[in-house]
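Coordinates in review
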Amino acid sequence: MSNPSNNVLPLGRLSAKGAISGKSVSSSSPFILEARNVVKRYGSVTALAGADLELRHGEILGVIGDNGAGKSSLIRAVSGALVPDSGEIFIDGAPVKFHNPMNARQYGIETVYQNLAVAPGLSIVENLFLARERRLKGIRGALLRTLDRTAMNSFAKEKMQALGISTLQDIHQPVETLSGGQRQAVAVARAIAFGSRIVILDEPTAALGVRESRQVLDLIKKIRDDRNLSNPDQPRYAACL
Amino acid sequence: MSRVVPKPPSELEVVIKNPQRPTMPQNINRVIKKHPMVASLVVLFASIVVFSFLNPRFLTAANMGLILQQVTVIAVLALGQALIVLTRGIDLSLGAITVLSSIAMASTAVYLNWSPPVAISLGIAAGVALGLINGLFVIGLRLPPFLATLATLSMYGALATVVTKGVTISATNMPPMLSWMGSPFVIGGLRLTYGCGVMLIMFAVVAYVMQFTQWGRHVYAVGDDPEASRLAGISVKHVLLSVYTVAGCIYGIGAWLLIGRLGAASPNAGVDYNLDAITAVVIGGLSLFGGRGQVIGALFGALIVGVFRNGLQLSGVQVQWQGLAIGALVVVAVTIDQRIRGTGAAR
Ligand SMILES: Nc1ncnc2c1ncn2[C@@H]1O[C@H](COP(=O)(O)OP(=O)(O)O)[C@@H](O)[C@H]1O
Ligand SMILES: [Mg+2]
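Scope of this entry: the structure provided in the associated data block.

Moving on, we get to the overall build of chain A. When you go through chain A residue by residue, the secondary structure sums to 7 helices and 8 strands. Burial analysis of chain A (241 residues in total) assigns 57% to the buried set. In chain A, 67% of the contacts between residues at least 6 apart in sequence involve partners at least 24 apart. As displayed, chain A has an accessible area near 10,500 Å², and 52% of this comes from carbon and sulfur atoms.

This is the structure:
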């Protein structure tokens, strides 16, 4: 809270191929996440022609570019949703390779995707815990993989409260009955509820109105600043507009 | 969007609050949306009431028991179909799988003199294997389920005819255990078969699994939004493969039921089962677009079809008209499903 910067950096030149290459202002502090020379081609389209990304402690970093500039591609590369053709990704200075989103998640990278990757028919709790459900202890949990709904419900309530989404009436209501901003809140909550270090949001306000946009941006600041939300050993970072 | 709020909220606090109190139709809408099978349950009871007024013989223990016996096989097959439909798939080969499994049971027991438990296990294993093959076609070759199972329908059907040379094995030649599912017992004046009991247990088990286990919820998630599921870290392929395999296992048990019901294992059975199972699933409120409805709905769907057939027959309606009534039910069910999905996406 003392020094975290809150600058939105227009990232680099947009090359003639319509690709993006970004470089934040250099800093002496070590980068928690770093991408070097990332290249991604879709057939004849070069989406990323050697893009760089540097993310520091406590920083909220924005990536700016035209439609089709390659923002989503860059984000998907560092979140494991796509495998770049070449280039390197470093976490705390150590090189890593991601083959799927789970790999990235193991390093504490959580992503809120542009297309609001929540399952509309599932409830808020179910979306929150999708793919990391809590199971009952003992034989029912181990053998039958029975879910521990009580634990998941109370955890969900607690997290939603910590995020200031406390007046949530019904965490069992399907996500499709929520507004765009509410869905975004669920997606953000999922990204930060499990002790992530780096939160990546791809155009989190694109589908939202002015008020909802402001709420999501406030939420992002809150994630960075709130001691209750961030484990002091695991400061959070939110990147990418 | 632009509701007038006296004091602008500083956080997301207000956002998730429900703005209005729901009115009556909204309440009904919401219940049907959350539990689409409620509608089918209402239809089931309404049709029972109507038919019992039309014909005094309808609402007797004997007739109710008969309907239950009649729907057992279709209900079990619809249970397997329901799992696949929940993943946005469809299985056109279930009739052929069931027939092949029943043939595997009967021919090993009769021709090879295998002990009945071994023969039955082999038949169920055959169902598992054939379901697994369906799953491999779907995830390995990325064929749409409709086409993958259309292809295997043809293959499995041909296999059944080739293996049996078209010959039906009568249950009178089989060890009694193979037709055990068809043997009756009486409970509270209701004459049922053991198959009815097995069917109810199967529905209870699968309903529990779907509602309370990780696998069950992942099946819903994959059917609801495969891409979101993948991004969340679910292995969509494994889920799909397991669903087709489990469905195969259910058909395998259905094959045992079928022998009991028909009193035979015949390569010519099962032709109508595909469409009947789909009908039951749809009428039971499961959405062909995946992720919606409860498996228990397939039981209600099968019962509705059974009640309509039986009730119309008792009322002296010709068989051809029964098809018309069932078709109308399908139209209503699909329309409700579309409405639910339509209002769901409107926000
Ligand atoms: N899956 C894909 N297949 C083919 N081309 C793609 C795909 N995803 C993105 N592209 C192309 O890559 C370029 C960058 O896209 P994207 O990263 O989505 O940009 P942005 O998020 O900045 O709008 C665009 O020209 C787009 O058409
Ligand atoms: Mg984009």
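Residues and elements named next belong to chain A. In the region of ligand 1, the neighbouring residues are Tyr42, Val45, Ala47, Asp66, Asn67, Gly68, Ala69, Gly70, Lys71, Ser72 and Ser73. One of the backbone nitrogen or oxygen atoms of Gly68 is found 2.7 Å away from an oxygen atom of ligand 1. One of the backbone nitrogen or oxygen atoms of Lys71 is found 2.7 Å away from an oxygen atom of ligand 1. Coverage of ligand 1 by the protein chains reaches 59% of its 560 Å² of free accessible surface. In terms of residues, the shell around ligand 1 owes the most to one element, helix α1 (residues 71-78), which gives 3 residues.

Turning to empty space enclosed by the protein, a few remarks are in order. In this structure the tally under the stated criterion is 2 cavities of 30 Å³ or more. By volume, the largest cavity amounts to about 150 Å³. Residue lining of the largest cavity: 16 residues in total, with Arg105, Glu110, Thr111 and Tyr113 of chain A together with Leu231 of chain B positioned closest to the centre. Elements supplying a minimum of two residues to the lining of the largest cavity: α2 (101-106), β6 (109-112) and α6 (180-192) of chain A together with α9 (226-232) of chain B. Counting residues per element, the lining of the largest cavity draws most heavily on β6 of chain A, at 4 residues. Class assignment of the residues belonging to the lining of the largest cavity gives a composition of 10 nonpolar, 2 polar and 4 charged.

Residue and element names in this part refer to chain B. Among the surface-exposed residues, Tyr111, Leu112, Trp114, Val118, Leu122 and Val167 lie close enough to one another that they form a single nonpolar patch of about 550 Å² accessible area. Along the chain, Tyr111 turns up in the loop between α4 (94-110) and α5 (116-140). Judged by relative accessible area, Tyr111 falls into the exposed class, the value being 53%.

On to the layout of surface pockets, then. All names here are of chain B. As a volume, the second largest pocket reaches approximately 460 Å³. If you list the elements that add at least two residues to the lining of the second largest pocket, you get α3 (61-86), α10 (236-262), α11 (273-283), α12 (296-314) and α13 (319-345). With 6 residues, the single largest contributor to the lining of the second largest pocket is α12.

What follows concerns the packing of aromatic side chains. Under the defined criterion, the tally for this structure stands at 8 aromatic pairs over all chains. Look at Phe51 of chain B and Phe58 of chain B: their rings are 5.5 Å apart centre to centre, the planes differ by 40°, and that puts the pair in the tilted class. Both residues of the pair, Phe51 of chain B and Phe58 of chain B, belong to the buried class. With centroids separated by 4.8 Å and ring planes inclined at 15°, the aromatic side chains of Trp180 of chain B and Tyr194 of chain B adopt a geometry described as stacked. Taken as a pair, Trp180 of chain B in the loop between β1 (169-170) and β2 (184-187) and Tyr194 of chain B in helix α7 (residues 194-212) lie far apart in primary sequence, 14 residues in all. Residue classification places Trp180 of chain B among the partly exposed residues on the basis of a relative accessible area of 34%. You can call Tyr194 of chain B partly exposed: its relative accessible area is 33%. Aromatic rings pair up to connect Trp180, Phe185, Tyr194 and Trp256 of chain B into one cluster. The ring of Tyr42 of chain A has Lys40 of chain A sitting right over it, with the charged end atom 5.4 Å from the ring centre. In this structure, Arg217 of chain B is placed above the aromatic ring of Tyr220 of chain B, and the distance from its NZ or CZ to the ring centre is 4.5 Å.

Below, the discussion takes up the environment of Ala207 of chain B. Take Ala207 of chain B: it is sitting in helix α7. Between the C-alpha atom of Ala207 of chain B and that of Val295 of chain B, which follows or precedes it by 88 residues, the distance is 6.1 Å.

Once that is clear, we can look at the sheet that holds strand β2 (residues 45-56) of chain A. As a general point, the strands of a sheet are linked pairwise by backbone hydrogen bonds and lie either parallel or antiparallel. Residues and elements named next belong to chain A. Taken in spatial order, the 4 strands make up an open sheet running β2-β1-β4-β5, and their pairing is antiparallel. The sheet terminates laterally at β2 and β5 (94-96), the two strands that pair on one side only. Taking the axes of each pair of neighbouring strands and ignoring which way they run, one obtains an average angle of 25° across the sheet. Docked against the sheet, α1 engages β1 (31-42), β2 and β4 (86-91), running at close to 60° with respect to β2.

All names here are of chain A. The final tally for this structure, using the stated rule, is 12 salt bridges over all chains. The partner of Glu203 in a salt bridge is Lys71, with the nearest N and O atoms 3.8 Å apart. Placement of the pair is Glu203 in the loop between β7 (198-201) and α7 (210-225) and Lys71 in helix α1, with a sequence separation of 132 residues. Judged by its relative accessible area of 8%, Lys71 falls in the buried class. Asp218 is paired through a salt bridge with Arg214; the nearest N and O atoms lie 3.8 Å apart. Here Asp218 and its partner Arg214 are both found in helix α7, 4 residues apart, which amounts to about one turn of the helix.

To continue, consider helix α8 (residues 214-224) of chain B. Because an α-helix packs 3.6 residues into every turn, residues spaced three or four apart end up facing the same way. Counting buried positions along α8 of chain B gives 10 out of 11 residues, so the element sits mostly inside the fold. Of all the positions in α8 of chain B, only Gln214, Gly216, Arg217, His218, Val219, Tyr220, Ala221, Val222, Gly223 and Asp224 of chain B are classed as buried. Packing partners of the buried residues in α8 of chain B comprise α3 (124-128) and α5 (149-162) of chain A together with α3, α7, α9 and α10 of chain B.

Moving on: α6 of chain A. End to end, α6 of chain A covers 19 Å across 13 residues, agreeing with the expected 18 Å (1.5 Å per residue, within 8%). Along α6 of chain A, 12 of the 13 residues are buried, which leaves the element largely enclosed by surrounding structure. For α6 of chain A, the complete set of buried residues consists of Gly181, Gln182, Arg183, Gln184, Ala185, Val186, Ala187, Val188, Ala189, Arg190, Ala191 and Ile192 of chain A. The elements touched by buried residues of α6 of chain A are β6, α3, α5, β7 and α7 of chain A together with α9 of chain B.

Conventions used here
Residues numbered from 1 in each chain as written. Chains lettered and ligands numbered in written order. Predicted model: local features only at pLDDT ≥ 70, side-chain atom pairs only at ≥ 80, totals over all residues. Heavy atoms only, no water. Helix = DSSP H or I, 4+ residues; strand = E, 2+ residues; numbered from the N terminus. Buried < 20%, exposed > 50% of the residue type's maximum accessible area, 1.4 Å probe, protein only. Contact = heavy atoms within 4.5 Å. Areas by Shrake-Rupley, 256 points an atom, 1.4 Å probe, with all protein chains shown as cover. Near = heavy atom within 4 Å. Polar contact = N/O pair within 3.5 Å; in protein donor to acceptor, adjacent residues only side chain to side chain. 1 Å grid on protein atoms, 1.4 Å probe; cavity = no way out; pocket = protein on both sides within 12 Å on 5 of 7 lines; lining within 4 Å. Points joined across faces, edges and corners; volume = space filled by probe spheres on them. Nonpolar A, V, L, I, M, F, W, Y, C, P; charged D, E, K, R; others polar. Patch = residues over 30% accessible without salt bridge, like charges linked within 9 Å, V, L, I, M, F, W, Y side chains within 5 Å. Salt bridge = Lys/Arg side-chain N within 4 Å of Asp/Glu carboxyl O. Phe/Tyr/Trp six-rings, centres within 6.5 Å; stacked < 30°, edge-to-face > 60°. Lys NZ or Arg CZ within 6 Å of the ring centre and 35° of its normal. Pairing = 2+ DSSP bridges. Axes fitted to C-alpha atoms, helices over the stretch in contact; angles between N-to-C directions. Expected span 1.5 Å × (residues − 1).

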